[in-house]
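Chains, contacts and geometry: an overview
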Amino acid sequence: MRNFCRILRISFKQRLAIAGVVLSSAFVALLWGLNIGTLYPMIEIVFEGEGVSSYVAKEQEKLDVQITQIDADLEQLAQQREAAANDDQRQQIDNQILWQNSKRELELRKADALAWARPWADKMPDSPFQVLVMLIVVLMIGTAIKLIALTANLMLVQEISERTCMDVRNMLFRQSLRLDLDSFGDNGSSSLTARLTNDVGNIATGINVLFGRTIREPMKMIVCVVGAAIVCWRLLLLVMVVAPLMAWVISVLSKSIRRASRRVMEEMTQMYSVLNEAFAGIKVVKAYNTQGFERARFSRSAQLCYSKSMKASWYHSLTRPATELLGMAMISLAIIAGGYLVLNQKTHLLGIRMTYTELGFAEVLLFFAFLIGTTDPARKLTDVWSVLQRGIAAADRIFEILDQPIRVVDPAEPKSLTGRHQRIAFNDIQFSYPSGPMTLNGLNLEIKQGETIAIVGPNGSGKSTLINLLCRFYDPQSGSVTIDDVPINEIRLRDLRRRIGLVTQRTFLFEDTILNNIRYGTPGASEEQAIQAAKRAHADEFITSKMPDGYQTLLGCGSMHLSGGQMQRLALARAILRDPEILILDEATSQIDLESEALIHDVLSDFLKDRTGIMITHRPTTLELADRVAIIEQGELSDVGTHHQLLGRNDFYSSLVGNDFSSKAA
Ligand code: ADP
């Protein structure tokens, strides 16, 4: 609930819309009550065969008679008081006098009201049928105004929920991009997708009913309850005895609904994850003929989703019969009590006074009508409850992400690096991934500015991890990565990453033009500069000759129509345009075809001049570019030296460049 309130705080930014919602809801409620209220004159005037004027006159006469009767009673009571034998009797008579006086007061007020209404009543139609027509016209106008207010209300509520939903989505996406990399594990991104889509949707519906029905319907109920209380408040209190029972049933059901809704959302996340995997690996699925397996996996997940949804629906569908039954009990109680009072013309029920004067038929009917008027909003509110519970559960899930602590954050007081760096150092690094064993174990390495260093080693030895630490995707558990002796966790993240150009084995191309893909990360670059970078990366040739719209060619989802080598060259162009101080190639040349290899070799040797280059590679041609080669084995730096030094002394390296590396190396 606390988290849902936090979402509400976001909605409260739209104060004007909320004020509009409250106002239009009040309008709808008032007109709802007034429409029900027209029942009274219909029964009392029209079906009694009267006109307005004659009705008022008759009521005035009736009141006069009653007041005269009360005066006579009061006089008699005064005499009885004089003659009272003792204090007890006197006390009893005093009570009766007090009672009669309040009754007189009430009747006098009614008489005043009638006297005030008389001139208007005299101007109104005096035939019952005309009065009926007039009432129907009033009813129609009332309904029309109510519907206009309702439409405005619905639109405003939608506005609030959609805007809140948009704000929450933006917040969530912003936070998602800040999350530590391990949050994007196998299920990580699908759980984020589920939260960004399904859960935010549930919140929107929750907000919608909260500002819609939850404000409107209780207001309608209040108007009806006030109406019923005006008719006979004591009778109303009597029938309200069912209310606590209703509150208890609703609270029990709502807890179950919230729990069940949470499970549905968890299953939904699971289903998104199955979907994501199947689509992301569609090539493998097809090639290995595992459609059946994927279908079974999805169907299992869908089946679970279905059964959890059915359970939630069961609780949800219980709320309506439960509240309707209790509502019916309330009305039945009212009918029995009211019927008893009217049919027997009594003012007391079970010895308790219910009214000053006997209730009329029209009054009791109006009382029932007001009670029935509360049941329609009550019925609409039963749905609200389960939708709100779903929204509350979704808010909890969304804040799980929004409140997730982020380990890699900007330092409170960032140090700034001035000018080009001189030295990068890994100092006694101990690092393990949150979900794994020790990956780097006391690693030390120093890289000088302008140097190109190649990192080699068997699969899983920690080469990419080293890069992850330098880019500060993770922080080491102990030891530090420093640039010019400043630990990188004391530098602003943007500052650090601005200096780095990263090209990985899997190039990610966005659904945009080739030009914008090259400019990704350097949005200020001109078209000319982007083309220049593409030329340097030897990408220009295939872009202009093979792409249908040259640099304006749109890359589709997954960029299926580009070869691995072409994608790599685009990635290189992107990095070149960024003009980084440190270029990191993480197996970036592994997919480049032989023809490109020589070209890329030239590009890199030219581009890496006066830049620091860190390359994870096993390609002898790329290794040739390196000033030094560092060998990492089992999370430790096992050797470092020049190509020639290592060839002479390191067996692993000799076997690697001796082309006997396919089974050992990355
Ligand atoms: P290399 O690049 O040398 O092949 P990595 O640095 O990628 O090796 O991985 C080193 C070790 O860390 C491996 O055992 C790998 O399974 C593990 N590892 C890599 N990335 C993660 C991760 N995100 N979470 C948990 N373990 C990881």
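On a predicted model such as this, the values are computed, not experimentally measured, just so you know. (Residues numbered from 1 in each chain as written. Predicted model: local features only at pLDDT ≥ 70, side-chain atom pairs only at ≥ 80, totals over all residues. Heavy atoms only, no water.)

Looking at the overall build of the chain
Our working rule: Each helix is a run of H or I in the DSSP string that is no shorter than four residues. Each strand is a run of E no shorter than two, and both are numbered from the N terminus. With the radius of gyration taken over C-alpha atoms, the globule rule is written as 2.2 Å times the number of residues to the power 0.38. Throughout this description, buried means an accessible area under 20% of the type-specific maximum (1.4 Å probe, protein chains only), exposed means over 50%, and partly exposed covers the range between. We call two residues contacting when some pair of their heavy atoms lies within 4.5 Å.
Scanning the chain from N- to C-terminus turns up 22 helices and 12 strands. Over its C-alpha trace the chain gives a radius of gyration of 40 Å, far above what one expects of a compact globule, namely 26 Å for 666 residues. Here the chain holds 666 residues, and 45% of them are scored as buried. Sequence-distant contacts, at least 24 apart, represent 78% of the contacts inside the chain between residues at least 6 apart.

A few points about the sheet that holds strand β7 (residues 486–487)
In a beta sheet, neighbouring strands pair by backbone hydrogen bonds and run either parallel or antiparallel. To keep it simple, the criterion reads: Think of it this way: DSSP has to see at least two bridges between two strands before they count as a pair.
Pairing is antiparallel across the open sheet formed by 4 strands, whose spatial order is β4-β3-β6-β7. Because the sheet does not close on itself, it has two edges, and the strands there are β4 (438–448) and β7.

Some points on the pattern of salt bridges
Here is the rule we go by: Think of a salt bridge as a Lys or Arg side-chain nitrogen and an Asp or Glu carboxyl oxygen that are within 4 Å of each other.
This model, assessed by the stated rule, comprises 29 salt bridges. The shortest N-O distance in the salt bridge between Arg163 and Glu159 comes to 2.8 Å. A residue pair is termed a helical-turn pair when its members lie 3 or 4 positions apart in one helix, as Arg163 and Glu159 do in helix α6 (residues 128–178) at 4 residues.

A few points about unusual backbone geometry
In the Ramachandran plot, Asp428 falls in the positive-phi region, its phi being about 50° despite a non-glycine side chain. Mapped onto the fold, Asp428 is located in strand β3 (residues 423–432). Residue Asp428 is classed as partly exposed on the basis of its relative accessible area of 43%. Even without a glycine there, the phi angle at Asp610 is positive, about 65°. You can see Asp610 is positioned in the loop between α19 (594–607) and β10 (612–616). The exposure class of Asp610 is exposed, given its relative accessible area of 55%.

With respect to the sheet that holds strand β9 (residues 582–586)
Where we set the bar: Angles here are taken between N-to-C directions and fall from 0 to 180 degrees, while the axes themselves are lines fitted to C-alpha atoms, restricted in helices to the stretch in contact.
The strand order across the open sheet formed by 6 strands is β8-β9-β10-β5-β11-β12, and the pairing between neighbours is mixed. Of all strands in the sheet, those bounded by a partner on one side alone are β8 (500–504) and β12 (636–641). Across this sheet, the average inter-strand angle for adjacent strands is 15°, counted without regard to direction. With 4 bridges connecting them, strand β5 (residues 452–456) and β10 associate as parallel partners. Of the residues in β10, the one forming a bridge with Thr452 is Gly613. Against the sheet, helix α13 (residues 463–470) touches β5, β8, β9, β10 and β11 (628–633), its axis set at about 145° to β10.

What about the site of the ligand?
Inclusion rule: One heavy atom within 4 Å of a molecule or strand makes the whole residue count as near it. Any pair of N or O atoms that falls within 3.5 Å is considered a polar contact. Within protein, one atom must be able to donate a hydrogen and the other to accept it, and sequence-neighbouring residues count only if both atoms are side-chain atoms. Using the Shrake-Rupley algorithm and a 1.4 Å probe, accessible areas are obtained, with residue cover drawn only from the displayed protein chains. Asp, Glu, Lys and Arg are counted as charged, while Ala, Val, Leu, Ile, Met, Phe, Trp, Tyr, Cys and Pro are counted as nonpolar; the rest, among them Gly, fall into the polar class.
Near the ligand you find Tyr433, Ser435, Thr439, Pro458, Asn459, Gly460, Ser461, Gly462, Lys463, Ser464, Thr465 and Tyr474, and these make up its full shell. Here Gly460 contributes a backbone N or O atom positioned 2.8 Å from an oxygen atom of the ligand. Between Lys463 and the ligand, the recorded distance is 2.9 Å, taken from a backbone N or O atom to an oxygen atom. If the ligand stood free it would expose 560 Å²; the protein chains cover 62% of that surface. Per-element tally for the shell around the ligand: the top contributor is α13, with 3 residues. The residue makeup of the shell around the ligand, split by class, is 3 nonpolar, 8 polar and 1 charged.

Some points on the nonpolar core
Stated precisely, the cut-off is as follows: As used in this record, nonpolar core signifies buried Ala, Val, Leu, Ile, Met, Phe, Trp, Tyr and Cys residues forming a set joined through side-chain atoms within 4.5 Å.
Counting residues in each nonpolar core, the largest one holds 47 residues, and the members touching the most others are Ile518, Ile543, Leu570 and Tyr653. Looking at which element gives the most residues to this core, the answer is helix α18 (residues 564–578), with 8 residues. Look past the residues within four positions of Ile518 in its chain and what remains in contact with it is Ala530, Ala534, Ile543, Tyr551, Leu570, Ala573, Arg574 and Leu577.

Examining the UniProt feature "coiled-coil region" (unreviewed entry) in the chain
How we decide: UniProt positions are given in the numbering used here, feature names are shortened, and annotations may be inferred rather than shown by experiment.
Sites flagged by UniProt as "coiled-coil region" (unreviewed entry) map to residues 60–87. Along residues 60–87 the backbone is 86% helical and 0% strand, and the end-to-end C-alpha distance reaches 39 Å.

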